[in-house]
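Below are the chains, spelled out letter by letter.
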Amino acid sequence: MNGIHHSLFFIFHSSFFIKTPLLLVALSLTLSVHAQTINSYDFFGEFCVGEGLVTDASQLQTNHLEPTEGSLAALLDANCSTYFHSLWSQDNPDGGYAYLQADLKTSLSKLSIAYAKRSVNNNGNPVDIHVFATNNPAGTWSDQGNITCTYDYPTTVGSSKIANYAGIAYINLKAPYRYIRLQVESTEGGGVSRGNLYFYWSEFRVFNENVGDGDVSTDIRRLRITEIQPANVDMFMGPTYNYDGWIELYNPTDATILLRNGFISRSPSQPKQCPLPWSLRIKPHAYGIIWMGEHEDKAVGQAQMKLDCDGGTVCLADANGVVRLSADYPAAVTRTSWALRDLDADEWGYTSTPTPGAANAGSTFATDILDAPVVDVPSQCYTGRLCAKVTIPSGCTLRFTTDGTTPTLTNGTISRDGLFVLSDKTAIYRFRLFAPGRLPSPVVTRSFLCTDRQYTVPVLSVVTDPDHLYDDEIGVMVRGTNGVTGRGQSSPCNWNRDWDRPVNFEYILPDGSVVENREATLIICGGWSRANTPHSFKLKANKIYYGLNSLDYAYFSAKPFLKNKTIQLRSGGNDNGCRLMDAALQTIIQSSGLDVDGLSYQPVVHYLNGQYNGVINVREPNNKHYVYANRGWDDDELDQFEICTARYNQICGTKDALNELRELSKECADDAVYAEVCRRLDIDEFCTYLATEIYLGPTDWLNNNNNCKGYRRRIEDLDPNERGDGSDGRFRLVQFDLDSSFGTTD
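Residues numbered from 1 in each chain as written. Predicted model: local features only at pLDDT ≥ 70, side-chain atom pairs only at ≥ 80, totals over all residues. Heavy atoms only, no water.

A. Representation of the overall build of the chain. A tally of regular secondary structure across the chain gives eight helices and 43 strands. Over its C-alpha atoms the chain spans a radius of gyration of 29 Å, differing by no more than 12% from the 27 Å that the globule rule assigns to 746 residues. Over its C-alpha atoms, taken along the principal directions, the chain stretches across nearly 85 × 75 × 55 Å. Taken across its 746 residues, the chain has 55% of its residues classed as buried. For the chain, the proportion of contacts with a sequence separation of at least 24, taken over those separated by at least 6, is 67%. For the chain, the accessible area works out to roughly 30,900 Å², and carbon and sulfur atoms hold 49% of it. Measuring between centres, the 64 positive side-chain charges of the chain sit 2 Å from its 87 negative side-chain charges. (Helix = DSSP H or I, 4+ residues; strand = E, 2+ residues; numbered from the N terminus. Rg over C-alpha atoms; globule rule 2.2 N^0.38 Å. Buried < 20%, exposed > 50% of the residue type's maximum accessible area, 1.4 Å probe, protein only. Contact = heavy atoms within 4.5 Å. Areas by Shrake-Rupley, 256 points an atom, 1.4 Å probe, with all protein chains shown as cover. Lys, Arg positive; Asp, Glu negative; His and termini not counted. Charge placed at Lys NZ, Arg CZ, Asp CG, Glu CD.)

Given below as structure tokens:
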């Protein structure tokens, strides 16, 4: 028992548990400030010369100018490689803080500032700024309080787009003022030289946020919702470079309408469901778009919420949470939108030709969707000659592509007879039917893989627009030109971005039977191993694909009961040589009968757009869907956490129960306390988890503040009759990433 007590103390009091509560508090504070301060109607993380109220360096002043580097003019040149730097090389002349002062040329009470980091040595970026204002710079300056600067937006530096580089802060002055002074009182690095708390920015802009000046209105009731697309599959890419859902707003008035500090929700009873921490200006008789998707990347115009593919209501509320505008929409149809047919009538319909940001007058509307094309042979590996026949119903046109893209009325080739003959050649076909007065059919994919290999493991074929994988701007499997740094990469990489890409995948068993052929979402996954080839990725079911929200095939013989929403195609993580270490060890542990949560495994051969890409491991995902797959418990029933690269992340629920367990473990040498710990922690599974990890000795585990995940069911929220014996409410840990096992000799 004493050994168990010691292990409890070890895991709950190692360095990452000591550090992470402070980190979580810091994150919470950052998010709170961000929601209050970010505001702009035309800033998207990029800077242009001549924009905003301050366009010339003569409008800027500072009390502490560094003579050896940087300039005020650099703040306005739309070049993030140049910068302004406050004094550091000489003694502080007055013992005070450095400030940046701006002449707005007009008196304002509401404004926003946009700013960007310095491209190198950028730990001197301002965080806390004390704001002062006046109409007479030679007279008294009025204290306007403090603002906090966050850096949430990507921007372009040189030829690369870098995440978390630019930001916006919103300032409410107590009265209209012409001059503002931004006194920097803390920076990200806190660097001090010769008595100077120095700071720097590469770009700086000031925007007018006053409303009521001129022909500007905040009455969003005058707007109209004119189009809604929850299932935007490979059609329109939003500001975070994802195919998110969206809603379209139209301004029918002669005045610009400003949506600022508002909310969007899926229910009028929860009007503040999702804040919109930015401003959207819609000009007279023009359109505006709100994109709907949950991503790491933030962007102006992007709401961190998804539309419901089952249909529902979308509501817009003002800053007070009062719903001013709403629209109902039915269940989504893939690659169509629900659109207002005519601005003069309240008649809606499905259209396969959505027009985000434009009138719907030219769209074609229909109610019935064509059935999927019937192909007389399945996807397969073959040699020699292959003949496929696609049935073309009367009145329909069959269009097809062979490059992985989706057939549309403007993309692909028309087939008159539906006959396709191949001879010793790999071909990837995507088929789709079209007919007047009907919505286009679903897309049907066939992979005909020419090979003389007799595979004894399943074949997985992924088909998609090649740009989704390899394009420098939007491709997820290349370093590219639109990425971010991190995960072991000092230069930006596309594969580090939080991007989803629509694909089709087929799962072909060794006997030739095709047990899965469907559309899904591909997401690059992994930590530092993202740079490895072949790349690891996930395939995720999603309702945007005709409502199909689960993967029905039993991929893992060890767990045929799994309810899969996601499968992971893993190249081996840190074991990029044989790629089998983690998979082999987890299989041995599972087959031994040891009671410890782990991840099942199935090797496959995989092809990308018909190109052989080697053996890869199909794994259970170790994300929030793991518990649903193994236990059938939904996210809202769980407390689930992970420790990743020395950071604590709350995946589901709260950390309250974990904190309580941590405090109890300090006294677990007491038998009564230990009994309570066992009530809250599955002690047998915990000991097995520790024993296997310690024996295997992976170097990327607790000793590296990494790769620890756990979960519990919140049975206290259940009806007493559903709680059983209470065992479901105990924490269990999940074993994963054993790639570095046996990596040391101690």
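Anyway, onward from the coordinates.
B. Focus on the nonpolar core. By size, the foremost hydrophobic cluster in this structure holds 43 residues, and its most contacted members are L249, I264, I290, V314 and L316. For this core, the element with the highest residue contribution is strand β16 (residues 274-282), accounting for five residues. Residues contacting L249, with those up to four places away along its chain left out, are L223, R224, I225, T226, L280, I282, A286, Y287, G288, I290, L316 and L325. (Core = buried A, V, L, I, M, F, W, Y, C linked by side-chain atoms within 4.5 Å.)

C. Molecular detail of the sheet that holds strand β34 (residues 501-508). Reading around the barrel, the seven strands line up as β31-β34-β35-β36-β37-β39-β38 and close back on themselves, with mixed pairing between neighbours. Sheet twist, expressed as the mean angle between neighbouring strand axes with direction ignored, is 40 degrees. By the bridge criterion, eight bridges tie β34 to strand β35 (residues 514-524) in an arrangement that is antiparallel. If you follow I508 over to β35, its bridge partner there is V514. Of the strands in this sheet, β37 (566-570), β38 (601-608) and β39 (611-619) touch helix α4 (residues 581-591), which is tilted by about 35 degrees from β39. (Pairing = 2+ DSSP bridges. Axes fitted to C-alpha atoms, helices over the stretch in contact; angles between N-to-C directions.)

D. Broad picture of helix α6 (residues 656-665). Along α6, the residues classified as buried are A657, L658, L661, R662 and S665. Along the long axis of α6, the arc covered by the buried residues comes to 140 degrees, so they all point the same way. (Arc of directions from axis to C-beta.)

E. Just the packing of aromatic side chains, in detail. Under the criterion given, the structure shown has 28 aromatic pairs. An angle of 10 degrees between the planes, with centres 5.5 Å apart, marks the rings of Y429 and F431 as stacked. For the residue pair Y429 and F431, the accessibility class agrees, reading buried in each case. Ring geometry for F641 against F731: centres 6.2 Å apart, planes inclined by 65 degrees, an arrangement best described as edge-to-face. With F641 in strand β40 (residues 638-644) and F731 in the loop between β42 (708-713) and β43 (732-734), this residue pair connects regions lying 90 residues apart in the sequence. A relative accessible area of 4% means that F641 is categorised as buried. (Phe/Tyr/Trp six-rings, centres within 6.5 Å; stacked < 30°, edge-to-face > 60°.)

F. Inspection of the environment of N482 at higher detail. Mapped onto the elements of the fold, N482 is located in the loop between α3 (466-470) and β32 (484-486). Residue classification places N482 among the buried residues on the basis of a relative accessible area of 3%. Distance from N482 to P154, taken between C-alpha atoms, is 9.8 Å for residues 328 residues apart in sequence.

G. Spotlight on the side chain of S379. The residue S379 is located in the loop between β23 (365-366) and β24 (380-382) in this model. What makes S379 buried here is its relative accessible area of 1%. Among the polar contacts listed, one links the side chain of S379 to the backbone nitrogen of S447, at a separation of 3.0 Å. When residues no more than four places from it in sequence are discounted, the contact partners of S379 are T445, R446, S447, F448, E506, I508, V514 and N517. (Polar contact = N/O pair within 3.5 Å; in protein donor to acceptor, adjacent residues only side chain to side chain.)

H. Spotlight on the pattern of salt bridges. One pass over the structure, following the stated rule, counts 35 salt bridges. R118 serves as the salt-bridge partner of E69, at 3.4 Å between the closest nitrogen and oxygen. On the criterion of sequence distance, the pair formed by E69 in the loop between β1 (60-62) and β2 (84-85) and R118 in the loop between β3 (99-116) and β4 (126-134) is long-range, its members being 49 residues apart. With respect to burial, E69 and R118 carry one shared label: buried. For the salt bridge of D717 with R714, the shortest nitrogen-to-oxygen distance reads 2.9 Å. When its relative accessible area of 53% is taken as the criterion, D717 is described as exposed. Connected via shared salt-bridge partners are D595, D597, R631, D682, E685, R730 and R732. (Salt bridge = Lys/Arg side-chain N within 4 Å of Asp/Glu carboxyl O.)

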